[in-house]
Amino acid sequence: FPPTTMQLSAPTLFTNAIRRRSQASHKGTYGEVVVLGGGDGMTGAVLLAARAALLAGAGKTFAAFVGTVPSHDALHPELMCRSAATVDYGTSVIVAGPGLGQSDPARGHLLQALNTDRPLVLDADALNLIAAEPDLKARVARHPAPVILTPHPLEAARLMGSTAGTVQADRLHAAMTLARDCNAIVVLKGSGTIIARPDGQLAINPTGNPALASGGTGDVLAGLCGALLAQGWPAWEAATGAVWLHGHAADVLVKNGHGPVGLTASELLLQVRRELNRLV
Ligand code: APR
Ligand code: MG
């Protein structure tokens with residue numbers, strides 16, 4: 001069984017990654033996030049992930065669309081909407097997958113992201129595309145910068161050539177196997193999210209509740225991971241911190257009567273901002 005399994009009891013695991021903002025800092029200090037997704041009909045997913053990155057403190061956030069590019073995000077004109085074909089990954093953290101789709105262009109843009117030397121958060125259809133091609137999975141394992149994978153159980157099963165039932169029957173084993181195979185940090189989502197590292201280190205998250213069982217909350221988690229990476233958090237701290245904060249924000253919202261019924265991902269990302277600011 002696993003060499004070490006830790007319970008993420010308090011945010012102690014990642015508090016040393018949190019830096020108070022220095023007075024002389026500027027947006028360049030807090031990094032850049034590009035969220036790659038936004039196939040036609042799936043604009044919401046990329047916007048939710050990008051808004052989460054914005055509200056979690058990334059210095060600059062871009063939303064890159066594989067499909068039709070909206071002129072701007074009406075709720076957050078701070079977000080820069082770009083075509084995936086013209087986006088420059090430069091020095092960004094890349095969050096790929098929310099609403100990406102699995103079209104040929106989507107695959108091409110994902111490949112371009114995998115060919116950079118930038119830190120990656122891979123979610124949703126980025127994971128599904130990788131699961132369909134052993135060569136892409138091998139590229140992930142060779143990636144020169146940190147990679148965080150955020151599968152739900154079915155996405156994890158596709159990556160492992162297994163079934164969601166098998167993954168759920170031994171979640172620790174599944175997360176650890178996937179982390180080794182992909183040489184990446186794996187966030188196996190669902191009640192009691194597991195975070196696994198290629199060296200076998202595992203963490204179990206105690207925060208979160210069924211209010212999170214609604215479309216878009218996974219996109220928020222992916223954007224949050226990206227923002228923490230962009231602000232210089234080490235990858236393990238970014239992954240565990242994002243998972244803990246995401247669940248904790250949902251717990252606070254439920255305590256205050258905003259769930260468990262009807263909590264939205266948009267409300268969640270506002271609460272994530274509040275909880276993150278309580279820690280800095
Ligand atoms: N307890 C705690 N956390 C939960 C619970 C629960 N009962 N249910 C869900 N969550 C959390 C998960 O841990 C995860 O962080 O909510 C989030 C759900 O993420 P996803 O399953 O990715 O859901 P979603 O945001 O709707 O994904 C959007 O992308 O992955 C695809 O097929 C998916 O079309 C969907 C889209
Ligand atoms: Mg999802």
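Here the structure is shown first, and the text comes after it.
Residues numbered from 1 in each chain as written. Chains lettered and ligands numbered in written order. Predicted model: local features only at pLDDT ≥ 70, side-chain atom pairs only at ≥ 80, totals over all residues. Heavy atoms only, no water.

## So, the overall build of the protein
Along its length, the protein carries 10 helices and 10 strands. The C-alpha atoms of the protein give 17 Å as radius of gyration, which agrees with the globular expectation for 280 residues (19 Å, within 12%). Once the C-alpha set of the protein is aligned to its principal axes, its extents read approximately 50 × 45 × 40 Å. The 280 residues of the protein split such that 55% are buried. (Helix = DSSP H or I, 4+ residues; strand = E, 2+ residues; numbered from the N terminus. Rg over C-alpha atoms; globule rule 2.2 N^0.38 Å. Buried < 20%, exposed > 50% of the residue type's maximum accessible area, 1.4 Å probe, protein only.)

## Section: the packing of aromatic side chains
Following the criterion strictly, the structure yields two aromatic pairs and no others. Seen from their ring centres, F14 and W244 are 5.9 Å apart, and the 55° between their planes marks the pair as tilted. Here the residue F14 occupies a position in the loop between β1 (4–7) and β2 (32–37), and W244 occupies one in helix α9 (residues 235–255), the gap between them amounting to 230 residues. Of the two residues, F14 and W244, neither departs from the other in class, the shared state being buried. The rings of F14, W233 and W244 are connected pair by pair, giving a single aromatic cluster. The cationic tip of R21 hangs over the ring face of Y30; the distance from NZ or CZ to the ring centre is 3.5 Å. (Phe/Tyr/Trp six-rings, centres within 6.5 Å; stacked < 30°, edge-to-face > 60°. Lys NZ or Arg CZ within 6 Å of the ring centre and 35° of its normal.)

## Let's talk about the nonpolar core
Residues I148, I195, W233 and L268 are the most contacted members of the largest nonpolar core, which totals 56 residues. Those elements that provide at least two residues to this core are β2, α1 (43–55), β3 (60–65), β5 (93–96), β8 (185–188), α8 (217–230), α9 and α10 (265–279). Counting residues per element, this core draws most heavily on α9, which supplies 11 residues. When residues no more than four places from it in sequence are discounted, the contact partners of L268 are L212, T217, V220, H246, A249, A250 and L253. In this structure, L122, A126, L136 and V186 belong to the second largest nonpolar core, which totals 41 residues. (Core = buried A, V, L, I, M, F, W, Y, C linked by side-chain atoms within 4.5 Å. Contact = heavy atoms within 4.5 Å.)

## Looking at the site of ligand 1
Within the structure, ligand 1 sits among 19 residues, and E155, K189, G190, G216 and G218 are positioned closest to it. Within the side chain of H152, one N or O atom sits 3.3 Å away from an oxygen atom of ligand 1. For ligand 1, an oxygen atom lies 2.7 Å from a polar atom in the side chain of K189. Here ligand 1, which alone exposes 710 Å², has 71% of that area covered by the protein. Here the shell around ligand 1 takes four residues from α8, the largest share from any one element. Partitioning the shell around ligand 1 into residue classes produces five nonpolar, 11 polar and three charged. (Near = heavy atom within 4 Å. Polar contact = N/O pair within 3.5 Å; in protein donor to acceptor, adjacent residues only side chain to side chain. Areas by Shrake-Rupley, 256 points an atom, 1.4 Å probe, with all protein chains shown as cover. Nonpolar A, V, L, I, M, F, W, Y, C, P; charged D, E, K, R; others polar.)

## Concerning the pattern of salt bridges
Counted by the stated rule, this structure contains seven salt bridges. In this structure, the salt-bridge partner of R139 is D135, at a minimum N-O distance of 3.5 Å. A residue pair is termed a helical-turn pair when its members lie 3 or 4 positions apart in one helix, as R139 and D135 do in helix α4 (residues 134–142) at four residues. You can call R139 partly exposed: its relative accessible area is 24%. Here D199 makes a salt bridge to R197, at a shortest N to O gap of 3.1 Å. (Salt bridge = Lys/Arg side-chain N within 4 Å of Asp/Glu carboxyl O.)

## With respect to the packing of α1 against α10
Running from N to C, α1 and α10 cross one another at 15°; their axes reach a closest spacing of 9 Å. If you check the angle between α1 and α10, you find them roughly parallel. Considering only the axes of α1 and α10, their crossing is right-handed. Across the interface between the two elements, L48, R51, A52 and L55 from α1 touch A265, S266, L269, L270 and R273 from α10. Of the residues contributing to the contact of α1 with α10, the split by class is six nonpolar, one polar and two charged. (Axes fitted to C-alpha atoms, helices over the stretch in contact; angles between N-to-C directions. Parallel < 35°, antiparallel > 145°, perpendicular 65-115°, else oblique. Left-handed = near helix turned anticlockwise from the far one by under 90°.)

Functional significance is not addressed by these values, which are geometric in nature.
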